[in-house]
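# Structural overview for review
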Amino acid sequence: MNEQQRKEMSHIQQGEPADVKSDQDNLERLKDKSSEDFMKYFETTYQPPSLRKAQRRRKEDVQIHYDFKIPEDMEEAGNGRKYMIRTYGCQMNEHDTEVMAGIFEEMGYESTTDTKEADIILLNTCAIRENAENKVFGEIGHLKPLKLENPDLIIGICGCMSQEESVVNRILKKHPFIDLIFGTHNIHRLPQLVKEAMFGKEMVIDVWSKEGDIIENLPRSRKGKIKGWVNIMYGCDKFCTYCIVPYTRGKERSRLPEDIIQEVRHLAAQGYKEVTLLGQNVNAYGKDLEMNYGLGDLMDELRSIDIPRVRFTTSHPRDFDDRLIDVLAKGGNMLDHIHLPVQSGNSDILKIMGRKYSREEYLELVRKIRTAMPDATLTTDIIVGFPNETEEQFEDTLSLVEEVGFEAAYTFIYSPRDGTPAARMQDNVSMDVKKNRLHRLNEIVNRQAAESMKKYEGEIVEVLVEGESKKNKDVLAGYTKRNKMVNFRGPRSSIGRLVKVRITETKTWSLNGEMVEETAEVK
Ligand code: 5AD
Ligand code: SF4
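The chain is annotated in an unreviewed UniProt entry as tRNA-2-methylthio-N(6)-dimethylallyladenosine synthase of Halobacillus andaensis. Annotation of the chain in UniProt includes, under Sequence similarities (unreviewed entry), the sentence "Belongs to the methylthiotransferase family. MiaB subfamily." The heading Subunit (unreviewed entry) in the UniProt record of the chain holds the text "Monomer."

Take a look at the structure:
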């Protein structure tokens with residue numbers, strides 16, 4: 001491939017944002033290219049997003065932009081058209097979907113949940129474990145007939161999987177009917193990308209291995225009116241050896257406190273009752289800002305905002321500092337629930353996981369939290385069957401779960417992720433053993449969950465009512481400050497309000513009850 005051809009393909013990004021004009025020129029020229037030429041290009045010259053490059057990153061200046069705008073020629077591109085986004089994975093992805101929905105709506109698109117009605121379908125994907133990826137590939141297969149029926153339909157893949165070279169290559173080879181692939185760093189380019197996909201003949205690929213800047217004024221079409229998500233930082237620098245996230249989401253970049261506070265104030269003014277601050281490792285918030293300002297400081301400022309509930313996810317034990325514990329212990333709108341992923345109860349496994357704390361250090365942190373917040377609910381994430389995990393090491397996890405008394409846990413079978421250090425270790429715990437360990441772990445977690453519910457029998461709790469229960473439309477559902485789900489009968493007018501509920505029955509994962517007078521005293 002000569003220089004000219006290379007330039008022609010330069011809208012396929014590998015590190016630097018494209019300038020829109022040259023994208024359009026490229027698009028024009030690409031129209032005459034055959035698919036064969038295109039494939040040849042990918043086989044010989046195209047460099048996919050580089051996982052290795054991601055690990056070599058240093059702290060570089062991140063620019064903050066406040067000038068996002070839909071390009072004029074795309075302002076009405078969605079009029080009379082519908083979009084559909086299917087979201088996989090974590091809350092960060094859910095929130096990215098809200099941003100993309102906001103962008104679509106500013107372009108005039110309406111949302112739909114019916115694939116047959118949609119003019120554009122995006123799969124916002126998750127790469128955390130292999131089964132998450134398999135689900136997406138299954139869905140891609142299901143979408144193919146729709147594309148055959150309606151060639152104008154645009155199908156796009158975005159989110160974490162798009163950041164993986166193996167995924168991009170697989171889509172190119174096996175699913176060439178996909179119109180658009182873009183990564184996690186260039187959501188703000190959605191209007192340009194949609195335009196390229198609309199008017200170009202070839203698959204549009206826009207994946208940056210270098211993370212982009214922070215774009216502050218992206219629109220958002222939020223899913224609910226009661227609980228809202230607020231990003232406080234992007235990316236992760238922890239590089240736990242099993243985890244793909246630092247590669248797919250880039251280095252840690254914190255938003256400025258004033259921008260976060262303004263967004264929370266705005267949500268409060270709109271009547272939202274709860275915000276969840278989002279980040280892959282929220283406890284590292286502020287480190288890159290070099291302002292000597294961390295999550296504890298931010299939470300302290302958010303305490304004075306008139307919004308009943310403020311929570312955050314996800315924590316890393318290593319960065320969970322005393323300042324944050326002090327602020328959380330002040331109560332008010334700070335919730336009595338901390339999700340504190342431990343991953344393993346054995347110090348040697350924690351070491352090879354790259355978690356940077358030992359079992360003893362984790363337990364010491366729990367002790368500090370319990371001293372400051374005696375009633376707090378603690379929940380966690382755990383991986384079983386990490387390479388070389390012995391039966392004794394797994395039993396350390398079981399004993400830690402009991403010692404801490406976690407009231408819930410997300411438990412996972414280790415899944416090797418291409419490009420991570422752990423994937424180079426032999427995945428030598430058999431699937432049977434992994435499943436058996438998961439089962440034994442879940443039994444303990446379930447037992448503790450049920451026990452933790454028992455103490456609410458007959459008590460009155462305060463519930464933020466979110467809406468109808470999924471299982472029964474006559475029943476309302478919501479959560480307590482300690483993150484317990486409560487189902488109860490009550491007037492629909494209580495949706496979106498904090499109400500008092502007397503607990504009449506306890507289950508493993510939820511409480512049943514009846515609404516009581518506002519003046520009742522809450523446990
Ligand atoms: N295999 C299994 N579980 C994983 N997690 C992250 N990476 C992997 C992996 N490769 C789990 C961790 C993390 C949660 C979001 O997903 O427990 O906290
Ligand atoms: Fe992954 Fe570890 Fe970062 Fe969490 S802290 S996102 S597990 S690398």
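Right, let's get into the sheet that holds strand 14 (residues 337-339). One open sheet accounts for three strands, arranged 14-15-16; its pairing is parallel. The sheet is open, and its two borders are formed by strand 14 and strand 16 (408-413), each paired with just one other strand. On average, each strand axis in the sheet is tilted by 10 degrees relative to the strand beside it, whichever way the strands run. Note that strand 14 and strand 15 (residues 377-384) share three bridges and pair parallel.

So, on to the sheet that holds strand 6 (residues 180-182). A sheet is described by the order of its strands in space; here six strands give the open sequence 3-2-4-5-6-7, paired in parallel fashion. Edge positions in the open sheet fall to strand 3 (110-111) and strand 7 (204-206), since each of these has one partner strand only. Here strand 5 (residues 154-159) pairs with strand 6 via two bridges, running parallel. Bridge pairing in strand 6 places Gly156 opposite Leu180.

What follows deals with unusual backbone geometry. The omega torsion of the bond from Thr313 to Thr314 falls at 5 degrees, within 30 degrees of zero and hence cis. Among the structural elements, Thr314 can be located in the loop between strand 13 (309-313) and helix 12 (322-329). Phi is positive for Asn483, close to 70 degrees, though the residue is something other than glycine. Inspection of the secondary structure assignment puts Asn483 in the loop between strand 18 (476-479) and strand 19 (485-489).

Before going further, it helps to spend a moment on the UniProt feature "binding site: [4Fe-4S] cluster 1" (unreviewed entry) in the chain. Those residues carrying the UniProt feature "binding site: [4Fe-4S] cluster 1" (unreviewed entry) are Cys90, Cys126 and Cys160 in this numbering. Taken together, the annotated residues stretch across 71 residues yet fold into one region, lying no more than 10.5 Å apart by C-alpha. You can see Cys90 is positioned in the loop between strand 2 (82-87) and helix 5 (91-106). Among the residues examined, Cys90 registers a relative accessible area of 37% and is labelled partly exposed. Looking at the secondary structure, you find Cys126 in the loop between strand 4 (120-125) and helix 6 (130-149). By relative accessible area, which is 12% here, Cys126 ends up buried. Not counting the four nearest positions on each side in its chain, Cys126 is found in contact with Tyr88, Gly89, Asn93, Ala132, Glu133, Cys160 and Met161.

Every residue lining ligand 1 is accounted for by Ile128, Arg129, Tyr242, Gln343, Asp381, Ile383, Phe412, Ile413, Tyr414, Ser415 and Arg417. In the model, an oxygen atom of ligand 1 is placed 2.9 Å from a nitrogen or oxygen of the Arg129 side chain. Tyr242 places a main-chain nitrogen or oxygen 3.0 Å from a nitrogen atom of ligand 1. Considering ligand 1 on its own, with 400 Å² of exposed area, one finds that the protein chains cover 86% of that surface.

Here we come to the site of ligand 2. Surveying the vicinity of ligand 2 reveals the residues Cys236, Lys238, Phe239, Cys240, Tyr242, Cys243, Val245, Pro246, Gln280, His316 and Arg355. Grouping the constituent residues of the shell around ligand 2 by class yields seven nonpolar, two polar and two charged.

Moving on, we get to the packing of helix 14 (residues 359-372) against helix 15 (residues 391-404). It is the contact of helix 14 with helix 15, at a shortest axis distance of 11 Å, that shows an interaxial angle of 10 degrees. As judged from the angle between their axes, helix 14 and helix 15 are roughly parallel. Contact residues: Arg359, Tyr362, Leu363, Val366 and Arg370 in helix 14; Asp396, Ser399, Leu400, Glu403 and Val404 in helix 15. Along the lines of polarity and charge, the residues of the contact of helix 14 with helix 15 split into five nonpolar, one polar and four charged.

Of all the eight residues making up helix 11 (residues 295-302), six are buried; the element is thus mostly covered by neighbouring parts of the structure. Where helix 11 is concerned, the buried positions are Leu295, Gly296, Asp297, Leu298, Met299 and Leu302. Structurally, helix 11 contributes buried residues whose contacts are with helix 10 (257-269), strand 12 (274-278), strand 13 and helix 12.

In this section: the side chain of Ser452. Relative to the assigned elements, Ser452 resides in helix 16 (residues 431-454). For Ser452, a relative accessible area of 7% corresponds to the buried category.

Here helix 6 contains 20 residues, and its C-alpha end-to-end distance of 30 Å stays within 8% of the 28 Å for a straight helix at 1.5 Å per residue. For helix 6, the principal kink sits at Leu143 and spans about 25 degrees; a proline, Pro145, occurs within the next four residues. On its buried face, helix 6 is in contact with strand 2, strand 4, strand 5 and helix 7 (165-174).

Attention shifts here to the pairing of strand 9 (residues 227-231). Within strand 9, four of the five residues are buried, leaving the element largely enclosed by the surrounding structure. Note: strand 9 against strand 12, five bridges, orientation parallel. In the strand pairing of strand 12, Val230 is matched with Leu277.

What follows deals with the packing of helix 6 against helix 7. Between helix 6 and helix 7, whose axes approach to 13 Å, the crossing angle comes to 20 degrees. Regarding the angle of helix 6 to helix 7, the classification is roughly parallel. Crossing of helix 6 against helix 7: the hand is right-handed. On helix 7, the residues touching Glu133, Phe137 and Ile140 of helix 6 are Val167, Arg170 and Ile171.

Conventions and cut-offs
Residues numbered from 1 in each chain as written. Chains lettered and ligands numbered in written order. Predicted model: local features only at pLDDT ≥ 70, side-chain atom pairs only at ≥ 80, totals over all residues. Heavy atoms only, no water. UniProt positions renumbered as here; feature names shortened; annotations may be inferred. Pairing = 2+ DSSP bridges. Helix = DSSP H or I, 4+ residues; strand = E, 2+ residues; numbered from the N terminus. Axes fitted to C-alpha atoms, helices over the stretch in contact; angles between N-to-C directions. Buried < 20%, exposed > 50% of the residue type's maximum accessible area, 1.4 Å probe, protein only. Contact = heavy atoms within 4.5 Å. Near = heavy atom within 4 Å. Polar contact = N/O pair within 3.5 Å; in protein donor to acceptor, adjacent residues only side chain to side chain. Areas by Shrake-Rupley, 256 points an atom, 1.4 Å probe, with all protein chains shown as cover. Nonpolar A, V, L, I, M, F, W, Y, C, P; charged D, E, K, R; others polar. Parallel < 35°, antiparallel > 145°, perpendicular 65-115°, else oblique. Expected span 1.5 Å × (residues − 1). Bend = angle between axes of the 7 residues up to and from the residue. Left-handed = near helix turned anticlockwise from the far one by under 90°.

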